[in-house]
Amino acid sequence: MSNKKIMLLGDEAIAQAAIDAGISGIYAYPGTPSSEITEYVQHSQEAADSNIHRQWSANEKTAVEASLGMSYTGKRTMACMKHVGLNVAADPFINSGITGVNGGFLVTVADDPAMHSSQNEQDSRFLGKFALVPMLEPTNQQEAYDMVFHGYELSEKYKIPVLLRITTRLAHSRAGIETREKLPQKELNLPADGRQFVLLPGIARRRYANLIKIQEKFLQEAEDSPFNRCIDGKNKSVGIIACGIAFNYLMENFTTSRCPYPVVKIGQYPVPKQKIEKLVNECDEILLLEEGMPFVEGYLRGILDRDVKVKGRMSGELPPDGELNPNLVRAALGMEDIGGAPIPDLIAPRPPALCLGCSHIDTYHALNETVKDVFGDGHVFADIGCYTLGALPPFQAINSCVDMGASITMAKGAADAGLFPAVAVIGDSTFTHSGMTGLLDAVIEKTNIVVFILDNSTTAMTGGQASHAFGRLESICTGLGVEKEHVRLINPIKKNHEKFVEIIKEELDYKGVSVIIPTRECIQTLRKKTKARKA
Amino acid sequence: MKSDIILAGVGGQGILTIATVIGYAAVESGLYLKQAEVHGMSQRGGNVQSHLRIADKEIFSDLIPDGGADLIVSVEPMEALRYLPYLSPQGWLITNTTPFKNIPNYPEIDKILAEINKQPRHIALDADAMAKAVGNVRGMNIVIAGAASVFIDIPFEKMEAGIGTIFARKGADVVEKNLAAFRAGRKQAEENR
């Protein structure tokens, strides 16, 4: 152990740990609150020196698959994503539980309870359990660092992917981290069983049976894990189960006195049954503290909910949704409220908005003028990115935002049903993430839609990461079969407004698939580049 | 020793630089530190806050509890008031008085300032003007950091050293200008506390 402490975000601590644990590659698509993991590796000189793969992937599915491929060769690898990214990657992730792995494989997923920057607040522990893989959930940034090492050992010991689940507050909070000595990368070492990764039914059945059988070993690992601890307390009226970061919110209320109740702190899953059983047996009731959905709480209650008296998110002692914090936990403990003064009435909300000078502003002006003002009730299906802010005043230009790529496919479905005009708005990076296949659907059927691919040449919302679409949009569209004369390019600046409106009108008149690509660099990345040039 | 600080402002106003200056000095003083930041969508011109926690023993929560903050340090007057629920009854509110108006319904500034003046312990300063006066038009956030430094139990020299290190790669001139902004803010707070 070196005693060097460095200040790192939770995301960065995981990235540094992955480098120190000897990964050969990290694969990811940016998504708040997970993006900084991969960015840290990309900016790391150590990672460059040891030639760690660190380029972005087109989406989370390709990231998990590429990771699995790297694991196949015996090397350590990590795939990172936000919670909804795990939905995109669910297919390879679930099946990687059945194939198992060769080199250590960690899937790091950052959940976003309270939806600071997301469409939902799903809890990835459900998907981890669904995949029947061990899971780790750190309480703090140091644990996040340490768990990466533990996760790789676990992964290689049982030849299984391991899910590392964090949440926004841990991801985006900085703390001092004690790092370990760097391990060398693994040598190329192919799987002993040449058919391990061949999920033909006959082989898959055997492997799935094996996966079910080793669950008891995962449980034993959780019972023995250094991340699952029992802390005794004299007052047995309540026993507390605190998962991951929720443990901090509990301890925050006992900084000057010792917590009087027995506590089971959970950081590794499956849920350590013996520890829970002991707590349930010795306490009158159980208070469940977990960030996200009532995962452990639901299982502890069971369908009949009558054997154990449980307090938590399902019974109202804690809110059923949103993030936890020290005050909510304090209230659940029945302790006196120490809240401050209320917010004065005159304070106005200050919602996020498109940046001054953003190219999307020009596009929405042109779009509103044509779709809303000419066609009245034209509907615009949008997507995930900065341009989703077009839903807010002054634009109020879009009618949907569901998941990556849904703009094109929803517009298609609506057009199939007879809606005209059916317009899709999607960003360049979102298009190469999940929009291309939907566009192919529309091309095959010559569906009457107009697709705007807003090309700001970056993945803007998550902080300006490189976009796979850069310089390729026109050729991708024509390659998928969109007619060349209906792939229209425009520079969305004030001067070109009339021309832009004209193009939109012409393509609305065309009965088939049109793609309009307004291209102008994101004002934020442009500013960053200018600054870097000056320095 | 513990200092729980809510840093407040609008995305792009430089509250994370304040956190870096204070944080650097805290770490150099051998203290524990946790700093929760806002990334992602909320950064786009919306209100942003950072929870900066410094203590001489282990810190648990990344978030400061309601009613637990020793300081609210804001680079914008309305944003200072948004986080009042976090402020401890003994806490200090330190704020810039120059508004950042990027919403159509920004309240009348006189009403905002009147609300700030109602706070029993506050320092309100026109940090934009003070930064300009020391020849550092972009140093408003550092003026605020200087004002806040009076209320944080970390040696002043450690904070000055922090500014020296953080701005070193931008050249000696930038370091000097930021030190001037920092000292101006500190002086103003010392005289008005």
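Our structure is the block above this text.
Here the structure is a predicted model, which means the values were calculated and not measured.

Trainee: Hey, could you run me through the sheet that holds strand 17 (residues 487-490) of chain A in this one?
Mentor: Strand pairing in a sheet relies on backbone hydrogen bonds. The paired strands run either parallel or antiparallel. Residue and element names in this part refer to chain A. Spatially, the five strands line up as an open sheet ordered 14-15-16-18-17, and their pairing is parallel. The open sheet terminates on both sides in strands that have one partner only, identified here as strand 14 (379-381) and strand 17. Between one strand and the next, the sheet's axes are offset by a mean angle of 20°, whatever the strand orientation. Pairing of strand 16 (residues 449-454) with strand 18 (residues 513-518), which is carried by four bridges, proceeds in the parallel orientation. Within strand 18, the position partnered with valine 451 by the bridge is valine 515. Set on the sheet, helix 18 (residues 428-445) makes contact with strand 15 (422-427), strand 16 and strand 18; between it and strand 15 the angle comes to about 150°.

Trainee: I would appreciate a short explanation of the environment of phenylalanine 167 of chain B in the present structure.
Mentor: Residues and elements named next belong to chain B. Among the structural elements, phenylalanine 167 can be located in the loop between helix 6 (156-166) and helix 7 (172-192). With relative accessibility at 9%, the residue phenylalanine 167 sits in the buried group. Expressed as a C-alpha distance, the spacing of phenylalanine 167 and leucine 179, which sit twelve residues apart in the sequence, is 9.9 Å. Ignoring any residue separated from it by four or fewer positions in sequence, one finds phenylalanine 167 in contact with Thr17, Ile142, Val174, Val175 and Asn178.

Trainee: Is there a simple way to think about the packing of aromatic side chains in this case?
Mentor: Where two aromatic rings form a pair, the distance of their centres and the angle of their planes describe that pair. Residues and elements named next belong to chain A. The tally for this structure, following the rule as stated, stands at eleven aromatic pairs over all chains. Ring centres 5.8 Å apart and planes at 35° place the aromatic pair tyrosine 364 and phenylalanine 395 in the tilted group. Here tyrosine 364 is found in helix 16 (residues 359-375), whereas its partner phenylalanine 395 is found in the loop between strand 14 and helix 17 (406-416), with 31 residues between them in sequence. Here the two residues tyrosine 364 and phenylalanine 395 agree in accessibility, since each one is buried. Over the aromatic face of phenylalanine 420 sits the side chain of lysine 511, whose NZ or CZ is 5.0 Å from the ring centroid.

Trainee: Just to check I follow, could you spell out unusual backbone geometry for this structure?
Mentor: The general pattern is negative phi for most residues beyond glycine and trans for most peptide bonds. Residue and element names in this part refer to chain A. A cis amide bond links proline 393 to the next residue, proline 394, at an omega of 5°. Among the secondary structure elements, proline 394 is positioned in the loop between strand 14 and helix 17. Residue phenylalanine 420 is joined to proline 421 through a cis peptide bond whose omega torsion reads -5°. Its identity is not glycine, yet alanine 114 carries a phi of approximately 85°, on the positive side. As for its position among the elements, alanine 114 is in the loop between strand 4 (105-111) and helix 7 (125-130). On the basis of relative accessible area, alanine 114 is assigned to the partly exposed category, the value being 34%. Of note, glutamine 396 is a non-glycine position whose phi angle comes to about 45°, a positive value. Among the structural elements, glutamine 396 can be located in the loop between strand 14 and helix 17.

Trainee: Any chance you could explain the pairing of strand 4 of chain A here in plain terms?
Mentor: Regular strands place side chains that alternate from one sheet face to the opposite one. Residues and elements named next belong to chain A. In terms of burial, strand 4 is a largely internal element, seven of the seven residues being buried. Burial of strand 4 is two-sided: the residues Phe105, Val107, Val109 and Asp111 facing one way and the residues Leu106, Thr108 and Ala110 facing the other way are all buried. Note that strand 3 (residues 76-82) and strand 4 share six bridges and pair parallel. The residue of strand 4 that forms the bridge with lysine 82 is alanine 110. Bridging between strand 4 and strand 6 (residues 162-167) involves six bridges; their strand directions are parallel. Looking across to strand 6, one finds that valine 107 is bridged to leucine 163.

Trainee: Can you help me understand helix 4 (residues 60-72) of chain A in this one?
Mentor: In an α-helix, one turn spans 3.6 residues; hence positions three or four apart end up facing the same way. All names here are of chain A. Here helix 4 spans 18 Å end to end across 13 residues, near enough to the 18 Å set by a 1.5 Å rise per residue. Along helix 4, the positions that sit buried rather than exposed are Glu60, Ala63, Val64, Ser67, Leu68, Met70 and Ser71. Take helix 4 and look down its axis: the buried residues cluster within an arc of 160°, on one side only. The backbone nitrogen of lysine 61 has a side-chain oxygen 2.9 Å away, supplied by the residue at the start of helix 4, namely asparagine 59. Where helix 4 ends, the next residue or the one after it, glycine 74, has phi of about 95°, a positive value.

Reading the values: the criteria
- Residue positions are counted from 1 within each chain, in the order its sequence is given.
- Numbering of ligands from 1 and lettering of chains from A proceed in the order in which they are written.
- Under the rules for a predicted model, residues below a pLDDT of 70 receive no local features and side-chain atom pairs below 80 are neither given nor counted, while totals for whole chains, interfaces and linings still include all residues.
- Water and hydrogen atoms were dropped before computing side-chain values, which therefore reflect all heavy atoms in the structure.
- For two strands to be treated as a pair, DSSP must find at least two bridges joining them.
- A run of H or I in DSSP becomes a helix once it reaches four residues, and a run of E becomes a strand once it reaches two; helices and strands are each numbered from the N terminus.
- Throughout, an axis means a line fitted to C-alpha atoms (over the contacting stretch in the case of helices), and angles, computed between N-to-C directions, take values from 0 to 180 degrees.
- Whether two residues are in contact is decided by their heavy atoms, any of which lying within 4.5 Å being enough.
- A 1.4 Å probe rolled over the protein chains alone gives each residue an accessible area, and that area as a share of the maximum for its type sets the label: buried under 20%, exposed over 50%, partly exposed in between.
- Paired rings are identified among Phe, Tyr and Trp, the last through its six-membered ring, by centres lying within 6.5 Å, and are further divided according to the angle between planes into stacked (under 30 degrees), edge-to-face (over 60) and tilted (the rest).
- For a Lys NZ or an Arg CZ to count as sitting over a ring, it must be within 6 Å of the ring centre and within 35 degrees of the ring normal.
- Take the residue count of a helix, subtract one, and multiply by 1.5 Å to get its expected span.
- Directions from the helix axis toward the C-beta atoms define the arc.
- Counted as a polar contact is a pair of N or O atoms within 3.5 Å, where, for protein atoms, one must be capable of donating a hydrogen and the other of accepting one, and residues adjacent in sequence contribute only when both atoms are in side chains.

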